[in-house]
Amino acid sequence: MKLKGLIGGLYQPLSSADIETIHQTSLTILENTGISYESGLEGTIDMLEAQQARVDRARARVFFPKDLVEAQAARAPERVILFSRDGKNDLDLAQHRVYLGTGGAAIKILDLESGRARSTTLNDLYQLARLVDALDNIHFFLRPCIPTDIPKDEYDANVFYTCLKATGKHVMAGVNDVAGFRKALDIAAMVAGDMAKLKDKPFISIITSFAISPLKFCTQSTLIMQEAVRCRIPVALSSAPMAGSTSPLTMAGTLAQLHAEQLAGIAVCQLTNPGAPILYGGIPGMANLNSFGYLGGAVECGMMNAAIHQLADHIKVPNYNSAGLTDSKIPDVQAGWEKALTLLLAAMGGSNFVHHAAGMLESMLTVAYEQFVIDDEIIGMCCKVLQGIEVDPEHLALGPIDDVGPGGNFIASDHTFAHMRKEYFAGNGVTDRKIRDDWEQAGPQDAATRAREIAKTILAQEEKSYIPAELAQAIREKYNIIGEA
């Protein structure tokens, strides 16, 4: 059952008038309030000023004319394809097509054996990529954890090498600096065969947190963003304000500010390299006003992230956003309802590239092997909703109904056998549907325990390397690749 790239747009929290009102408010913010910037962006600011943006260097602020913003947004591609290595998991980000996958920068993981939280390692990243490679409903691999056991200056090369070795799905990650991006780019080009082949079908992309909310350009991430678009590598323009903390408490106010940040980032990208493939990367969240931390599982996050797709679609740019977070610390019932609600809202909303959709716990601080298995099941169910109900003569079953007749049953019907494996979502085995006696006899297990066993079974299988041994050796000779992965 193919459950990827299905069409959303079924849930629209904003009306057409709402969308236009927010868009115009965002343009007003850019023109009147402007965007601040850190030092080190002189070249970027000079570029904007040369295009008629007004710059107040004394206040380190740039003001964007409405016409400039809308002209640059119109240059951004309406369709972006993020390629996989084998062509079986390409992500065609157009209109309301929906793909869901991993994401985050967790620094803790629930150990697969002990169940206790510990620091994440490079081997965890490798094993998680192997796990996701085998889970059909997780459509891409955005680096979900930060290896805490490798030096910072070796981070980018090792992360991309490890991900590209372990999975054939599209790989996205952030990098620490421009030098790190160039290392990752070079490794990917070696894997592709050469740089031209990589640019023709990019199977990597870069996430850049270019905006420090509210309304400020981050120097390091903006420079990475510009370097990536110069190289025609797809970039997700991530900005993630928290309502009540780094954006207004109200959802509409957060969306207006975030849309302004995105429009400014898009303008910078398109002025740097017109037509460069980018993803509108709005990730609206909420602050926990009791602790001032991040609230990941709130239903309003699902609502706002669905609205983000509407705003991105309004300017005809594919979007990257977030769903599937939870504030729970373990794979429990709270994690289940928070993830299911936000994932379903984002999927029904039509969001194109939904990260954080698998594996995350504790408001992005922690991941768990078993949670990836559970979330693969939830994502599959969400995609089944998008698939809808097929109505045609075969599915209406008029003939079988007449054959069985009143008082009969359809258990042995040829029609039942023809459709039993494709009409309903089968899942990966983590959902229990046994009667109680059979469940108890088999050794009663909850969903988390079953998911842990499924993860162990997958990871016990023979390892498959997506980087041939000779090429792996060549990469190791050029870069300090740590560990056995």
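Quick note: structure is the one above.
Reference entry: report on the structure contained in this document.

1. Structural notes on the overall build of the protein
Secondary structure summary: the protein contains 18 helices and 22 strands in total. The C-alpha atoms of the protein give a radius of gyration of 23 Å, which matches the 23 Å a tight globule of 485 residues would have. Expressed along its principal axes, the backbone C-alpha trace of the protein runs to roughly 80 × 55 × 50 Å. Within the protein, buried positions represent 56% of all 485 residues. Counting only contacts in the protein whose residues sit at least 6 apart along the sequence, the fraction spanning at least 24 positions is 76%. Within the structure as shown, the protein displays about 20,400 Å² of accessible surface, and the carbon and sulfur contribution to it stands at 53%. Of the charged side chains in the protein, 43 are positive and 57 negative; the average position of the first set lies 4 Å away from that of the second.

2. Comments concerning the packing of aromatic side chains
All chains considered together, the criterion is met by three aromatic pairs. For the pair Tyr 320 and Phe 353, a centre-to-centre distance of 5.8 Å together with 20° between the ring planes defines the contact as stacked. One end of the pair, Tyr 320, is in strand β19 (residues 320-322); the other, Phe 353, is in strand β20 (residues 353-355), with 33 residues separating them in the sequence. As far as the burial class goes, Tyr 320 and Phe 353 line up, both buried. Here the aromatic residues Phe 140, Tyr 320 and Phe 353 are joined through ring pairs into a cluster of three or more. Above the ring of Phe 63, the side-chain terminus of Arg 54 is found at 4.0 Å from the ring centroid.

3. Looking at the layout of surface pockets
Empty space within the largest pocket amounts to approximately 560 Å³. Along its surface, the largest pocket is lined by 23 residues, and Gly 104, Ala 105, Ile 207, Ser 209 and Ser 238 are the ones closest to its centre. Elements supplying a minimum of two residues to the lining of the largest pocket: β12 (204-208) and α8 (219-230). Among the elements that line the lining of the largest pocket, the one with the most residues is α8, at three residues.

4. So, the packing of helix α12 (residues 369-387) against helix α17 (residues 447-459)
In contact at an axis separation of 8 Å, α12 and α17 are set at 100° when each is read in the N-to-C sense. For the element pair α12 / α17, the angle class is roughly perpendicular. Contacts between α12 and α17 involve Tyr 369, Glu 370, Val 373 and Ile 374 from the first element and Ala 447, Ala 448, Ala 451, Arg 452, Ile 454, Ala 455 and Leu 459 from the second. Taken together, the residues of the contact of α12 with α17 break down into nine nonpolar, no polar and two charged.

5. Concerning the packing of helix α1 (residues 16-33) against helix α3 (residues 66-75)
Where α1 contacts α3, the axes come no closer than 9 Å and their chain directions differ by 120°. Between α1 and α3, the angle falls in the class oblique. Remark: the crossing between α1 and α3 carries right-handed chirality. Across the interface between the two elements, His 23, Gln 24, Leu 27, Leu 30 and Glu 31 of α1 pack against Lys 66, Val 69 and Glu 70 of α3. When grouped by side-chain class, the residues that make up the contact of α1 with α3 number three nonpolar, two polar and three charged.

6. A few points about a negative patch on the surface
Together, Glu 20, Glu 31, Asp 67 and Glu 70 line one region of the surface with negative charge. The set of elements that each furnish at least two residues to the negative patch consists of α1 and α3. Turning to its location among the elements, Glu 31 is positioned in helix α1. By relative accessible area, which is 37% here, Glu 31 ends up partly exposed.

7. Describing the nonpolar core
Formed by 135 residues in total, the largest nonpolar core has its most connected members in Leu 48, Phe 64, Leu 131, Leu 164, Phe 217, Tyr 280 and Ile 475. With eleven residues, helix α9 (residues 251-272) is the single largest residue contributor to this core. Setting aside anything within four residues of it in sequence, one finds Tyr 280 in contact with Leu 258, His 259, Gln 262, Ile 266, Ile 308, Leu 311, Ala 312, Ile 315, Val 317, Pro 318, Asn 319 and Tyr 320.

8. Some remarks on the environment of Ala 460
Along the polypeptide, Ala 460 turns up in the loop between α17 and α18 (469-478). For Ala 460, a relative accessible area of 65% corresponds to the exposed category. When the C-alpha positions of Ala 460 and Val 333 are compared, they lie 28 Å apart, and in sequence the two are 127 residues distant.

9. Comments concerning the pairing of strand β17 (residues 285-288)
Bridge count for strand β15 (residues 242-243) against β17 is two bridges, and the pairing is parallel. Bridged to Ala 243 within β17 is Met 286. As defined by bridge partners, β17 adjoins strand β18 (residues 293-295) across three bridges and the pair is classed as antiparallel. Across the sheet, residue Met 286 finds its bridge partner in β18, namely Leu 295. Between the antiparallel neighbours β17 and β18 lie four residues, among them Phe 292 with a positive phi of about 65°.

Rules and cut-offs
- Residues numbered from 1 in each chain as written.
- Predicted model: local features only at pLDDT ≥ 70, side-chain atom pairs only at ≥ 80, totals over all residues.
- Heavy atoms only, no water.
- Helix = DSSP H or I, 4+ residues; strand = E, 2+ residues; numbered from the N terminus.
- Rg over C-alpha atoms; globule rule 2.2 N^0.38 Å.
- Buried < 20%, exposed > 50% of the residue type's maximum accessible area, 1.4 Å probe, protein only.
- Contact = heavy atoms within 4.5 Å.
- Areas by Shrake-Rupley, 256 points an atom, 1.4 Å probe, with all protein chains shown as cover.
- Lys, Arg positive; Asp, Glu negative; His and termini not counted.
- Charge placed at Lys NZ, Arg CZ, Asp CG, Glu CD.
- Phe/Tyr/Trp six-rings, centres within 6.5 Å; stacked < 30°, edge-to-face > 60°.
- Lys NZ or Arg CZ within 6 Å of the ring centre and 35° of its normal.
- 1 Å grid on protein atoms, 1.4 Å probe; cavity = no way out; pocket = protein on both sides within 12 Å on 5 of 7 lines; lining within 4 Å.
- Points joined across faces, edges and corners; volume = space filled by probe spheres on them.
- Axes fitted to C-alpha atoms, helices over the stretch in contact; angles between N-to-C directions.
- Parallel < 35°, antiparallel > 145°, perpendicular 65-115°, else oblique.
- Nonpolar A, V, L, I, M, F, W, Y, C, P; charged D, E, K, R; others polar.
- Left-handed = near helix turned anticlockwise from the far one by under 90°.
- Patch = residues over 30% accessible without salt bridge, like charges linked within 9 Å, V, L, I, M, F, W, Y side chains within 5 Å.
- Salt bridge = Lys/Arg side-chain N within 4 Å of Asp/Glu carboxyl O.
- Core = buried A, V, L, I, M, F, W, Y, C linked by side-chain atoms within 4.5 Å.
- Pairing = 2+ DSSP bridges.

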